[in-house]
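# Secondary and tertiary structure notes
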Amino acid sequence: MNLSNFGNLAIFSTLLITLFIIIYSIKFLNSKDEILLFPNKLIMLSLFQTTISITSFFSLLIGFIISDFSLLSVYQNSHTLKPIFYKISGTWGNHEGSMLLWINIMIIFAYLFIVNSRNAETKYRIFSLLAQNVLIFGFLFFLFANSNPFSLIFPIPKEGLGLNPILQDPALAIHPPLLYVGFVGSSIYFSAAIGSLLSNYKGKAFANSIKVWVMTSWIFQTLGITFGSIWAYYELGWGGFWFWDPVENASLMPWFVMTALFHSLLVLEKRETLYYWVIILCLLTFTLSVTGTFLVRSGILNSVHTFANDPSRGLYILIFLSIMIITSTIIFLNNFRREKYNFFINSKETFILSNNWFMMFYLGTVLIGTVYPIFTEVLNNLSISVGPPYYNSIIIPLLIPFLFLMAIGPQAKWIKNEFKKYINIIIILAISIFANLSISYLFGKMTVLSNLIIISSLFLISYTLIDLVNLIKRKIKFNIARIISHLGFGFLILSIGINYNFSLEKDFNLKVGDQKSFDDFNIRFISINLNEGANYKSIVGKFKITENSNLSEENLYPEIRIYNNSEMLTHEASIKSDLVKDLYLTMSNINRSDLYNIKFQKKPFMIFIWVSSIMICCGGIIRLIEKKK
Amino acid sequence: MSKKIGKYLLLALFFFILTIFFLALKNDPRYISNDLIGKKIQNFKFKKLNGNNENLSHNDINKTTLINFWASWCYPCRLEHKYLIKLKQNTNVKIIGINYKDDQENAQSFLQEFLNPYDLIGVDNDGVESVKFGIFGIPETFIVNGDKIILKKFIGPLNQKNYQEIINIINK
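Residues numbered from 1 in each chain as written. Chains lettered and ligands numbered in written order. Predicted model: local features only at pLDDT ≥ 70, side-chain atom pairs only at ≥ 80, totals over all residues. Heavy atoms only, no water.

### Quick look at the overall build of chain A
Regarding its fold elements, chain A presents 18 helices and 10 strands. A compact globule built from 629 residues should have a C-alpha radius of gyration of about 25 Å, and chain A, at 27 Å, falls within 12% of that. With the principal axes as the frame, chain A shows a C-alpha extent of 85 × 80 × 55 Å. Here chain A, with 629 residues, has 58% of them falling under the buried criterion. Summed over its atoms, the accessible surface of chain A is roughly 27,300 Å², and 65% of this surface lies on carbon and sulfur atoms. Here chain A contributes 48 positive and 34 negative side-chain charges, whose respective centroids are spaced 12 Å apart. (Helix = DSSP H or I, 4+ residues; strand = E, 2+ residues; numbered from the N terminus. Rg over C-alpha atoms; globule rule 2.2 N^0.38 Å. Buried < 20%, exposed > 50% of the residue type's maximum accessible area, 1.4 Å probe, protein only. Areas by Shrake-Rupley, 256 points an atom, 1.4 Å probe, with all protein chains shown as cover. Lys, Arg positive; Asp, Glu negative; His and termini not counted. Charge placed at Lys NZ, Arg CZ, Asp CG, Glu CD.)

Here it is in C-alpha cells:
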C-alpha cells in the first residue's frame, strides 16, 4: 500500500469514527434514562479518532521527509535538496497540509476536553463533544472532497517544485502551527458554549470547565503572532514587524476576543454574572477564526501570505461559516434569558468590562479595515487597500485611556471599590511624565500623541511595579501572572512607541571601498565574498559601521542568496542587536554593475518588543500552571 | 417592538455581508476575464523595463500582438518560455511582456538565460496595474489584434496546443 492510499484510508476512517461519535452522542442524549456517567464508548471512540487522525498527519509528514513526489502536495511544495527541517515544515506550509493539521488540533482538543472535564455534568460534556464533532465532520468532509493532501500525481515527477525561499526560515516554520493551536483550539470552547446552552450548564462551573482552554489557545495565539512578526522582521527584509496585512489581521481578531474572554471569565467565576456575554465571546472567537480562514484561503483578499487560491474552497468555507453562525445564533437566542447586571460603577467588574469594550472596539476597527476592500470591490468595482494610517489613527489614541485603566483596574475591589490613594496616582503620573521628558530629551522630539502613549505606558509599568513592591511588602498573596502580563504589555507599547518615533532609515548606493557618512554614522563597504550554503550560493558583503558619538564599531554582513533549485534571489538582512538598538542593513546589486544599493536602518528597542511579547505570554503560562495545581 | 426591529436589522446585516462575500467569490477575475474577449484595450499603461520613465501604452499595440504576463520567480513561466521563443522565431507577431511583481535583477538574468522573446517589456512592481487590466495570476497571455481588440486569453503556461491555436489566429 502506498502512502496516498494509506493516508486516504486514515482520513476516511476518521470521517467514519466522527460520524459514529455524532450518532452515539445523539443516541445517548435521546435515551429516556437519566445519564449519570459519561459513556465509556464515547471516550474510547474519541481516543481512537485521535490516534487515527494523528496517524494520517504523520503519513503526510513522512511523505514530505522521504520526498514522495507521487503526492501532489509534496510535489508542489518540496524538493529533495531542501534541508530536512524545511521538508518537515513543508507539511503545514500549504493549504492541504494545514487543513489536516487544523482537523488534528480539533480532534486532539476534543479528546483532551472530554478527559479533563470529569467534574462537569455529563449531559454538558456529551453536547460539547457532539458540537465539536459536527464541526470536525464539516472540515473533514471539506478536506476529503476538496483539499485532499493525499491526491496523487501521475506520472510521478522526479523532482519537486520547491518551497519559496522566503518561507525557509525557522520562525516561519514554527509560527503557523502555533497559530493553528491558538485559533483552531478555540473551537473547543465554541462547542462547549453550545453544550452549555443546550444542557443549561451555567455559571461558575461552566467558567471552570473552559478557562484552561481559553488560556491555552490565548498563549499559543500570542506566541504565534510574536513569531510571525519576528519572521517578518528578520526575513522579509522590509525592516518592519507589523504591516496590517489581512492575514496578520485574521490572527489578531480572534486574539482580541480571546483576551476579552478570559477577562470576562474572571467576572463569571467570581460574581456568577455575564454568562451570556461569555457565551457570545466563546462563539465569536471560533467564528472569527473561520472567517479569517475564509478571507485568506478563498483569495478574495490579497496578502503576502498567498495560498494557491481556489474559489470553490472559498464557497465551501463560506457555506460552512454561514451554517455555523446561523445555527449557533438560533441556539443562543432560544436559550437566552435576560440577566440582571447590578455593577457598581467603581468596581473591579466595571474595570474588567472596560477591557472588553476596548477589545471589541479594536476588533471592530480591524474587522472593518480588513473587509472594507471587499465591499468597495463588489459594490463600486473599486480596488483599494486599507493601510497603516487607518489603523494607527483609530487604534493609537484609544490606547491611552486603555493603558491607564489597565494600570488602575487590577487594584480595584470586587463589588464596590473606593479610591483612597489619589496621591499615589498623581505621583506615579508625575514620574511617568518626567521619564517621558527624559526620553524625548535623549532621543529627540515627538508628536503630542506619541508623548501621551509613552506617558501612559510608563504609567502602566510604574503603577504595576509599585503595586508589586507593595504586595510583596505586605506579604499578601498576589496574582503574579497578571502582573507579568500587564508589565509586558506596558513595555511592549513603550518599546513600539520609541521604536516608531526614533527609527532612522537611509537608502544609498555604494561600491566596494566607498564610504558614506550621515547623522551620527559612517558606513564603509569593505569587501565582497562568495559563499556556498546547503541549497544556495551567496554573495556576502562586509560593512563597517562607525557610530561617531560613542566611537563604537560594528561589522555587518548582508547577503544576496541565489537558490539552486528555483534560481530565485533573496536579500538577507544583516542585523546587529544590542539592548537599546538594532542596526539593520540589506544590500542589492544594481544591474550587475559594481554599484550596490544599501538600505540602512537604526531601530531602537527592537529586542524589547520581542521580550515584552514573550513576557505577556509568560503571564498566561504561569496562570495556566497555577490552575493546574 | 424595537427589539424585534433590532433583530431583523441584524439579520439583514448578516445576509448583506454574506451576499457581498458570495459576490466577492464570484468576482474572481478568472471567472469574469472571459468578458474581456472582444473588448478593446483601454487602460494599458506600464512603465518600461530599464526605460527612463518611459511608458508602454495601448498605442504600442498596432498590429497583432501577444501580451504575456510573467515573472522570474514563476515556475510555470519557465515552462512556457520556449513557446514564446518559437513564436518569435517563426512568426512576425509582436510580443509584449509584462514583468509582474518581480525583482528587476532577477528578471534580467531570467531573460539572459532563457533568451528574450519580447519586443517590448513593461514592469508592474506592485501588481496593481495588471490586476486592473484583468489578470489574476501569472502566467497569462492575451492575443490582441491591430484594432486593440482582445481575441483570446490563455490562463496558465502556454503549451503545444495553445501554440498551434496562436499560430492559427495569426495566420487568419
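### A look at the domain arrangement of chain A
Interface size, as often reported, equals the accessible area lost upon joining of the parts. Parsing chain A into structural domains produces domain 1 (1-167) and domain 2 (504-607). Of note, the centres of domain 1 of chain A and domain 2 of chain A, computed from C-alpha atoms alone, are 44 Å apart. (Domains from an automatic or database assignment.)

### Let's talk about the packing of aromatic side chains
Under the criterion given, the structure shown has 56 aromatic pairs over all chains. With 5.2 Å between their ring centres and 75 degrees between their planes, Phe44(B) and Phe46(B) make a pair best called edge-to-face. The burial state of Phe44(B) is the same as that of Phe46(B); both residues are buried. Of the aromatic side chains, those joined through ring pairs into one cluster are Phe109(A), Phe113(A), Tyr124(A), Tyr201(A), Phe206(A), Trp213(A), Tyr275(A), Tyr276(A), Phe332(A) and Phe336(A). (Phe/Tyr/Trp six-rings, centres within 6.5 Å; stacked < 30°, edge-to-face > 60°.)

### Points about helix α4 (residues 104-114) of chain B
All of the buried residues along α4(B) are Glu105(B), Asn106(B), Ala107(B), Gln108(B), Phe110(B) and Leu111(B). After α4(B) finishes, the residue Leu115(B) shows a positive phi value of roughly 75 degrees.

### A closer look at the packing of helix α5 (residues 95-116) of chain A against helix α7 (residues 170-185) of chain A
Residues and elements named next belong to chain A. Here α5 crosses α7 at 50 degrees, and the two axes come no closer than 9 Å. One finds that α5 runs oblique with respect to α7. With respect to the hand of their crossing, α5 and α7 are arranged in right-handed fashion. Of α7, the residues touching α5 (which contributes Ser98, Leu101, Trp102, Ile105, Met106 and Phe109) are Pro177, Tyr180, Val181, Phe183, Val184 and Gly185. When grouped by side-chain class, the residues that make up the contact of α5 with α7 number 10 nonpolar, 2 polar and no charged. (Axes fitted to C-alpha atoms, helices over the stretch in contact; angles between N-to-C directions. Parallel < 35°, antiparallel > 145°, perpendicular 65-115°, else oblique. Left-handed = near helix turned anticlockwise from the far one by under 90°. Contact = heavy atoms within 4.5 Å. Nonpolar A, V, L, I, M, F, W, Y, C, P; charged D, E, K, R; others polar.)

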